[in-house]
Amino acid sequence: MAVQYKDYYEILGVSRTANDAEIKKAFRKLARQYHPDVAKDKKKAEERFKEINEAYEVLGTAETRKKYDQLGANWKAGAEFRPPPGWEQFSGARTGQRGGPGGAEYEFQFGGTGFSDFFEQLFGSRRGGSGRSAGFAEEDFAERGRDIEGDIMVTLEEAMRGSFRSVNVRRSVVCDNCNGLGRRGAHACSVCGGSGSVPKAETYQVKVPPGVTEGQRLRLAGRGEVGSRGGGAGDLFLRVRLARHPDLEVEGHNLIYEAGVAPWEAVLGANISVPTLDGRVNIKIPPGTQNGQKLRVRGRGLPKREGEKGDMIVVTRIEVPDQVTDSERKVWEQLARESKFKPRD
């Protein structure tokens, strides 16, 4: 199936030789700019935010970036793209196809999940699941329809509060006019044009409950492939992939925030403001705080099933100015003369 090629490097505005730090910096800058909570045009910003997240989902991890780079650098953004032969074997990508009557393949596509068709085909988890067990005569037993699995991008705000999402599933189904054979007598089927399958699109409302976690599967019973010979339909599973946030990272139900701290704040202590998904909160930096020290703000993380919430973990990052004025330099020099602190003793 042809899809539109995505140039993830162009989306993030970085070169193909950019290092991990440059890619992360570019993502954070764009994610802050287009985060729906701060942008004026929320609809446009939401689509751009998803595109930026998708690019970082691929380029932000060494393994997926390597697979993407193996496609080559000669594709143009928006150009029609087909995966190279053998892509499934070396990439681990899984397609949403299965054989059917007359040898036809039935494909399915997703819409409204936050990911493009390009991502779904090459890096998504979409696939057909179980079918009839082997070893029995096909005409004697009903066959349950195959499960369908795909990915859904969930923002941290959705994981905090929950949401309802409209997801489109477009798939090829057996042509009723020719029973998937592609022919009616000596002529090609006039409905499917000889392919044995016809497209069908349906829209489902998906509930994203508060507290969903990375990798969790949302199940829509009976929304997979239709069964045959009276067998029930399979299920539709959507695997949660949490959208990257420009400021916060996730560990289970805890949120991680790295806070820059000035040297005098670390030595003397300070009160600073940090962002959470419920707005900013003030926390105390105790005197003598060390670089990388973790400060816990209880109950400011993501919801848990028991009704409780995870915590916000603030990791301190002590920063020093890269430039100082003449008067500032004199103060630092005086401190150097008078301080009894010996870090290498």
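Residues numbered from 1 in each chain as written. Predicted model: local features only at pLDDT ≥ 70, side-chain atom pairs only at ≥ 80, totals over all residues. Heavy atoms only, no water.

**A short note on the nonpolar core**
Next, step 1: Grouped together as the largest cluster of nonpolar side chains are 36 residues, with contacts concentrated most on Val154, Ile283 and Val314.
Next, step 2: In this structure, Ile283 is in contact with Ala270, Asn271, Ile272, Val274, Leu295, Val297 and Val314, ignoring residues within four places of it in sequence.
Next, step 3: One finds Leu12, Ile52, Leu71 and Phe118 within the second-largest nonpolar core, a separate group that totals 28 residues. (Core = buried A, V, L, I, M, F, W, Y, C linked by side-chain atoms within 4.5 Å. Buried < 20%, exposed > 50% of the residue type's maximum accessible area, 1.4 Å probe, protein only. Contact = heavy atoms within 4.5 Å.)

**A look at a nonpolar patch on the surface**
Next, step 1: A contiguous nonpolar patch, built from Trp264, Val267, Leu268, Val324, Trp332 and Leu335 and spanning about 610 Å² of accessible area, is present on the exposed surface.
Next, step 2: Elements with a contribution of two residues or more to the nonpolar patch: helix H8 (263-268) and helix H9 (326-338).
Next, step 3: Top contributing element to the nonpolar patch by residue count: H8, with three residues.
Next, step 4: Tracing the backbone through its elements, the reader meets Leu335 in helix H9. (Patch = residues over 30% accessible without salt bridge, like charges linked within 9 Å, V, L, I, M, F, W, Y side chains within 5 Å. Areas by Shrake-Rupley, 256 points an atom, 1.4 Å probe, with all protein chains shown as cover. Salt bridge = Lys/Arg side-chain N within 4 Å of Asp/Glu carboxyl O. Helix = DSSP H or I, 4+ residues; strand = E, 2+ residues; numbered from the N terminus.)

**Some words on the pattern of salt bridges**
Next, step 1: This model, assessed by the stated rule, comprises 24 salt bridges.
Next, step 2: For Arg28, the salt bridge is made with Glu249, and the minimal N-O distance between the two is 3.9 Å. Separated by 221 residues along the polypeptide, Arg28 in helix H2 (residues 20-34) and Glu249 in strand E12 (residues 248-251) bring together distant segments of the chain.
Next, step 3: When its relative accessible area of 23% is taken as the criterion, Arg28 is described as partly exposed.
Next, step 4: Note on Glu249: relative accessible area 40%, which makes it partly exposed.
Next, step 5: A salt bridge links Asp311 to Arg296, with the shortest nitrogen-to-oxygen separation between them at 2.9 Å.

**Digging into the sheet that holds strand E13 (residues 254-261)**
Next, step 1: With respect to topology, four strands assemble into an open sheet ordered E12-E13-E17-E16, the strand pairing being mixed. Only two strands of the sheet have a single partner each, and these edge strands are E12 and strand E16 (294-297). Averaged over all neighbouring strand pairs, the angle between strand axes comes to 30°, with direction disregarded. (Pairing = 2+ DSSP bridges. Axes fitted to C-alpha atoms, helices over the stretch in contact; angles between N-to-C directions.)

**Focus: the side chain of Asn53**
Next, step 1: Here Asn53 is to be found in helix H3 (residues 42-59).
Next, step 2: On the accessibility criterion, Asn53 (1% relative accessible area) is buried.
Next, step 3: Those residues within four positions of Asn53 in sequence are excluded, and the remaining contacts are Phe27, Met153, Ala243 and Arg244.

**As for H3**
Next, step 1: Taking 1.5 Å of rise per residue, 18 residues should cover 26 Å, and H3 covers 25 Å from first to last C-alpha, within 8% of that figure.
Next, step 2: Looking at the buried side of H3, the elements it contacts are helix H1 (8-12), H2, helix H4 (62-69), helix H6 (117-123), strand E5 (148-154) and strand E11 (236-242). (Expected span 1.5 Å × (residues − 1).)

**Looking at the packing of H3 against H4**
Next, step 1: Relative orientation of the contacting elements H3 and H4 amounts to 95°, with a least axis distance of 6 Å. Comparing the axis directions of H3 and H4 gives the class roughly perpendicular. Across from Glu57, Val58 and Leu59 in H3, the residues of H4 making contact are Thr64, Arg65 and Tyr68.
Next, step 2: Residue composition of the contact of H3 with H4, by class: three nonpolar, one polar and two charged. (Parallel < 35°, antiparallel > 145°, perpendicular 65-115°, else oblique. Nonpolar A, V, L, I, M, F, W, Y, C, P; charged D, E, K, R; others polar.)

**Examining the side chain of Glu54**
Next, step 1: As for its position among the elements, Glu54 is in helix H3.
Next, step 2: With no salt bridge to any partner, buried Glu54 finds its closest opposite charge in Lys6, at an N-O distance of 5.6 Å.
Next, step 3: What Glu54 contacts, discounting residues up to four positions off in sequence, is Lys6, Tyr8, Gly114, Phe115, Ser116, Phe119 and Met153. (Lys, Arg positive; Asp, Glu negative; His and termini not counted.)

**What about the packing of aromatic side chains?**
Next, step 1: In the structure shown here, the tally under the stated rule is ten aromatic pairs.
Next, step 2: Here the aromatic rings of Tyr9 and Tyr68 are separated by 6.0 Å at their centres, their planes lie at 40°, and the arrangement is tilted. On the criterion of sequence distance, the pair formed by Tyr9 in helix H1 and Tyr68 in helix H4 is long-range, its members being 59 residues apart. Take Tyr9 and Tyr68: they sit in the same class, and that class is buried.
Next, step 3: An aromatic cluster of at least three residues, connected via ring pairs, comprises Tyr5, Tyr8, Tyr9, Tyr68 and Phe118.
Next, step 4: Over the ring of Tyr34 we find Arg48, and its NZ or CZ is 5.1 Å from the ring centre.
Next, step 5: One residue, Arg217, lies across the ring of Phe237, its end atom 4.0 Å from the ring centre. (Phe/Tyr/Trp six-rings, centres within 6.5 Å; stacked < 30°, edge-to-face > 60°. Lys NZ or Arg CZ within 6 Å of the ring centre and 35° of its normal.)

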